[in-house]
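Remarks on the overall topology
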Amino acid sequence: MPVTRIFYPLYQLGNPQLRLFRPNWFLTLVRPGKEQPPDTVQFRIPMEMTKCDVKSYLEKIYNVPVGVVRTRIQFGSNKKRNHLNQRVKQPDYKVAYVQLAQGQTFTFPDIFPEKDRTPTEGSMEEMQEKFMEDEKQRQKLDP
Amino acid sequence: MWQDALLNMAACSSAGRVLSLCRRFQNVLRISSATNIQRSAVNVTKYHCQLYRETSPLVSPFWSSPTSTASQCRGLHTTISRRGLEEFFDLPENWGEANVKSGAPWTAKQLRTKSNEDLHKLWYVLLKEKNMLLTLEQESKRQRLQMPSPERLRKVERSMFRLETVVTERETALRLLQTGQEKGRPGAWRRNLFGYIYWYRFKEYAIPWYMNKRYKRKTFYTPHFVQPHMRLRLEKHLRDKTRKANSEKQKLAKLKEKFPLMKVPAS
């Protein structure tokens, strides 16, 4: 993988502030499972990130005013078993609850609205849909 | 230059396609100023990188083409992007689509032509794109629907990987020229308990090694009683090697028997 294990330089009193260039951390905005207050945004973050990291990440990269960040680690279940009766571990992940400052609110939008899927004329999608319809017609049994 | 490519793209494809084609380029378009595109009317984003903390947001972009005069910058704002959390989601036109078109990933060859500032900005563009795709993936899993065009995620990952390789290449070259050191992190060849010789990379400590109790417990030598085990390992390795070579030879001999006019493959 591209970025090898990051070794932070040792901090001693008087050292310059640690700065990270090209961070290799990715946040996933998730829809909250439980009802959250309107100014709270829920993220899944890598385990190595801290609250301060999340705050500076959002403020500097996304220009989002962040008030308070609370984190917790979600244990991924090790209970399920596969066909060989071996336990299958679901990965652990860290969840961050970010409260926005300046009275901003956020609601998770509906990203999969119902859309009228009429493909444009002469396009690949139209040809594919036509082909699929023909196939289904062929597979249908005689009445 | 790639600006010509962008202009070509803008010219030959319809307005709607410009947005959906070449998402990678489109993302870069948002931070470019010189090209006459639909999106340039919207804010040009300036990412809050640590590099730009001191400079004002009105610093002219580095890649301004020779033709960017005041007349062509009519759509240019240098204000900071105010999109905030919206950047975790795709453009609203693409919500609910089954397929979202995207361009090819960046190749290392293309990235090597870019300046360091460009690469730095591109890293953040790719980072935001990847965040957006990850949120989309998670939401699609939640709603039990298919994620539109999951290959975008892999494209972005590859682009980031190549970007990182290019940057490390440049860093090693600079380090070699300035200091003569090949590796950024000091290390040494050391032997471990099992007789293997490996590259031990040094770790930074606040105290010298002779005061470090945990470090002193590490053994960088092989005790005497491990010698028989090493010998057996070596024998096994040699046996394996000769067996492989012999099997190759036998395979070739059999093939030669069946097909006498066969050319021996160069290996």
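Residues numbered from 1 in each chain as written. Chains lettered and ligands numbered in written order. Predicted model: local features only at pLDDT ≥ 70, side-chain atom pairs only at ≥ 80, totals over all residues. Heavy atoms only, no water.

**Looking at the pattern of salt bridges**
If the charged atoms of two oppositely charged side chains come close together, the side chains can form a pair. Residue and element names in this part refer to chain B. Throughout the structure, instances matching the rule amount to twelve salt bridges over all chains. The salt bridge partner of glutamate 87 is lysine 128, with a shortest N-O separation of 2.8 Å. With a gap of 41 residues between them, glutamate 87 in the loop between helix H3 (23-31) and helix H4 (108-112) and lysine 128 in helix H5 (residues 116-143) connect regions that are remote in the sequence. The two residues glutamate 87 and lysine 128 agree in class, both being buried. One network of salt bridges, with partners in common, ties together Arg231, Glu235 and Arg239. (Salt bridge = Lys/Arg side-chain N within 4 Å of Asp/Glu carboxyl O. Helix = DSSP H or I, 4+ residues; strand = E, 2+ residues; numbered from the N terminus. Buried < 20%, exposed > 50% of the residue type's maximum accessible area, 1.4 Å probe, protein only.)

**What about the nonpolar core?**
Within soluble globular proteins, side chains that are nonpolar generally end up buried alongside one another. Within the largest apolar cluster, 47 residues are counted, with the highest numbers of intra-cluster contacts made by Phe43 and Leu58 of chain A together with Phe88 of chain B. Listing elements by their share of this core, those giving two or more residues are strand E2 (40-45), helix H1 (51-61), strand E3 (66-74) and strand E4 (93-100) of chain A together with H4, H5 and helix H6 (151-178) of chain B. By residue number, the principal contributor to this core is H5 of chain B, which donates ten residues. Non-local contacts of leucine 58 of chain A, meaning those with residues more than four positions away in its chain, are made with Leu27, Phe43, Asn63, Val64, Val66 and Val98 of chain A together with Phe88 of chain B. (Core = buried A, V, L, I, M, F, W, Y, C linked by side-chain atoms within 4.5 Å. Contact = heavy atoms within 4.5 Å.)

**Quick look at the sheet that holds strand E1 (residues 28-30) of chain A**
With antiparallel pairing, the four strands of this open sheet are ordered in space as E1-E2-E4-E3 (chain A). Two strands bound the open sheet, and with one partner strand each, they are E1 and E3 of chain A. Each adjacent strand pair in this sheet contributes to an overall mean axis angle of 30°, direction not counted. Of the strand pairs in this sheet, E1 of chain A and E2 of chain A are connected by three bridges, and their pairing is antiparallel. Note on E2 of chain A: the bridge partner recorded for threonine 28 of chain A is arginine 44 of chain A. Together, E2, E3 and E4 of chain A form the strand contacts of H1 of chain A, whose direction differs from that of E3 of chain A by roughly 130°. Against the sheet, H5 of chain B touches E1 and E2 of chain A, its axis set at about 35° to E1 of chain A. (Pairing = 2+ DSSP bridges. Axes fitted to C-alpha atoms, helices over the stretch in contact; angles between N-to-C directions.)

**Notes on the interface of chain B and chain A**
On the chain A side, the residues contacting the 48 residues of chain B number 43 residues. Across the chain B/chain A interface, buried area totals approximately 4200 Å², and carbon plus sulfur atoms make up 64% of it. Across the contact surface, chain B and chain A share three salt bridges. Ionic pairing is found between glutamate 139 of chain B and arginine 31 of chain A, a salt bridge with its closest N-O pair at 3.0 Å. Run the count over chain B and chain A and you get 15 residue pairs in polar contact (both at pLDDT 80 or more). Looking at the side of chain B that touches chain A, the elements that each hand over two or more residues are H5 and H6 of chain B. Considering every element that reaches the side of chain B that touches chain A, the biggest residue donor is H5 of chain B, with 15 residues. A class-by-class count of the residues in the side of chain B that touches chain A yields 21 nonpolar, 14 polar and 13 charged. (Buried area = accessible area lost by both parts, 1.4 Å probe. Polar contact = N/O pair within 3.5 Å; in protein donor to acceptor, adjacent residues only side chain to side chain. Nonpolar A, V, L, I, M, F, W, Y, C, P; charged D, E, K, R; others polar.)

**Comments concerning H5 of chain B**
Since one α-helical turn is 3.6 residues long, residues separated by three or four positions face the same way. Residues and elements named next belong to chain B. Over its 28 residues, H5 runs 40 Å from end to end, which matches the ideal 40 Å to within 8%, given 1.5 Å per residue. For H5, the tally of buried residues reaches 21 of 28 residues, placing the bulk of the element in the interior. Taken from the residues just after H5, arginine 144 is the one with a positive phi, measuring 60°. (Expected span 1.5 Å × (residues − 1).)

**A look at the pairing of strand E1 (residues 187-191) of chain B**
Residue and element names in this part refer to chain B. Side chains of E1 alternate between two faces, with Ala188 and Arg190 buried and Gly187, Trp189 and Arg191 left unburied. Here E1 pairs with strand E2 (residues 197-201) via five bridges, running antiparallel. Along E2, the bridge assignment pairs arginine 190 with tyrosine 198. The loop that links E1 with its antiparallel partner E2 comprises five residues; one of these, glycine 195, has a positive phi angle of about 95°.

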